[in-house]
Amino acid sequence: NAGVMQNPRHLVRRRGQEARLRCSPMKGHSHVYWYRQLPEEGLKFMVYLQKENIIDESGMPKERFSAEFPKEGPSILRIQQVVRGDSAAYFCASSLRRGTDTQYFGPGTRLTVL
Amino acid sequence: AQSVTQLGSHVSVSEGALVLLRCNYSSSVPPYLFWYVQYPNQGLQLLLKYTSAATLVKGINGFEAEFKKSETSFHLTKPSAHMSDAAEYFCAVSVNTDKLIFGTGTRLQVFP
């Protein structure tokens, strides 16, 4: 049973470009969470999605960031017009049920903005 | 609001020594508590979780943690450290929500 898949593992963008991060949850999981880890810090919640719905986006920056989880295909975290402060590791997690069910994490995408 | 405090951003032990990583939480209602481990350039792996059943929780790789409500603590221990335990450890809390609130992490070093 494959775990949570994320790609790319490493992404380099210049300031002003767009970054697209992909996450495929574990088989059978329909709940996806995105977290951001800044250097030397813990993970910070960004957004929680179910298929075709955003349930909680309280941790998402108000501008430039968006997320989706379509009926078919992976979840996408999109960052428009990236800035140096967006450089971080972005982790996706999935769970079988909502609430306090165990979240299983992917290997992360490390975004570097030049 | 919930929060997690991990005391000690770095902990060093000798191989074979006791490992103790501290975690205190703040929550107005009974929490769910988690310990995750992160190896360099990898994602987080669940070590163990507390979900209001037994207060002493046993996890993988010989780790365990005890939930102490009176002390609002959930410290992680292992009787005998192994070189392969060197990693970053994160404590997290969840209370009636779908998101995890993480501490800032503790980096464990194990010396031979």
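As a starting point, this report considers the structure included with it.

Calculation notes
- Residues numbered from 1 in each chain as written.
- Chains lettered and ligands numbered in written order.
- Predicted model: local features only at pLDDT ≥ 70, side-chain atom pairs only at ≥ 80, totals over all residues.
- Heavy atoms only, no water.
- Helix = DSSP H or I, 4+ residues; strand = E, 2+ residues; numbered from the N terminus.
- Rg over C-alpha atoms; globule rule 2.2 N^0.38 Å.
- Buried < 20%, exposed > 50% of the residue type's maximum accessible area, 1.4 Å probe, protein only.
- Contact = heavy atoms within 4.5 Å.
- Areas by Shrake-Rupley, 256 points an atom, 1.4 Å probe, with all protein chains shown as cover.
- Lys, Arg positive; Asp, Glu negative; His and termini not counted.
- Charge placed at Lys NZ, Arg CZ, Asp CG, Glu CD.
- Pairing = 2+ DSSP bridges.
- Buried area = accessible area lost by both parts, 1.4 Å probe.
- Polar contact = N/O pair within 3.5 Å; in protein donor to acceptor, adjacent residues only side chain to side chain.
- Nonpolar A, V, L, I, M, F, W, Y, C, P; charged D, E, K, R; others polar.
- Disulfide = S-S within 2.5 Å.

1. What about the overall build of chain A?
- The helix and strand inventory of chain A stands at zero helices and 11 strands.
- Over its C-alpha atoms chain A spans a radius of gyration of 13 Å, differing by no more than 12% from the 13 Å that the globule rule assigns to 114 residues.
- With the principal axes as the frame, chain A shows a C-alpha extent of 35 × 25 × 25 Å.
- Taken across its 114 residues, chain A has 46% of its residues classed as buried.
- If you take every contact in chain A between residues at least 6 apart in sequence, the share linking residues at least 24 apart comes to 54%.
- Accessible surface for chain A amounts to roughly 5,800 Å². Of this, 46% is attributable to carbon and sulfur atoms.
- The centroid of the 18 positive side-chain charges in chain A is displaced by 5 Å from the centroid of its 11 negative side-chain charges.

2. With respect to the pairing of strand 8 (residues 75–79) of chain A
Residue and element names in this part refer to chain A.
- A large share of strand 8 lies buried, amounting to four of its five residues.
- Where strand 7 (residues 65–68) lies against strand 8, four bridges are found, and the strand directions are antiparallel. Among the inter-strand pairings, F65 is bridged to a residue of strand 8, identified as I79.
- Adjacent in sequence and paired antiparallel, strand 7 and strand 8 are bridged by six residues, among which G73 carries a positive phi angle near 100°.

3. So, the interface of chain A and chain B
- The partner chain B presents 19 residues to the 22 residues of chain A that form the contact.
- Summing both sides of the interface, chain A and chain B together bury roughly 1,700 Å²; the carbon and sulfur share of this comes to 50%.
- Put simply, chain A and chain B have five residue pairs in polar contact (both at pLDDT 80 or more) between them.
- At the level of secondary structure, the elements contributing two or more residues to the side of chain A that touches chain B comprise strand 4 (31–37) and strand 5 (43–50) of chain A.
- For the side of chain A that touches chain B, the per-class residue count stands at eight nonpolar, eight polar and six charged.

4. Quick look at the side chain of S94 of chain A
All names here are of chain A.
- By secondary structure assignment, the location of S94 is in strand 9 (residues 88–95).
- For S94, a relative accessible area of 0% corresponds to the buried category.
- At 3.3 Å, the side chain of S94 and the backbone nitrogen of M26 are in polar contact.
- Apart from the residues within four sequence positions on either side, S94 is in contact with V4, P25, M26, H29, H31, V32, Y33, T102, Q103 and Y104.

5. Here's the deal with the state of the cysteines
Residue and element names in this part refer to chain A.
- Applying the stated criterion to the full structure yields two disulfides over all chains.
- Between the sulfur atoms of C23 and its disulfide partner C92 the distance amounts to 1.7 Å. An S-S torsion of about -50° defines the bridge between C23 and C92 as left-handed. Here C23 is found in strand 3 (residues 19–24), whereas its partner C92 is found in strand 9, with 69 residues between them in sequence.
- Taking relative accessible area as the criterion, C23 reaches 0% and is therefore assigned buried.

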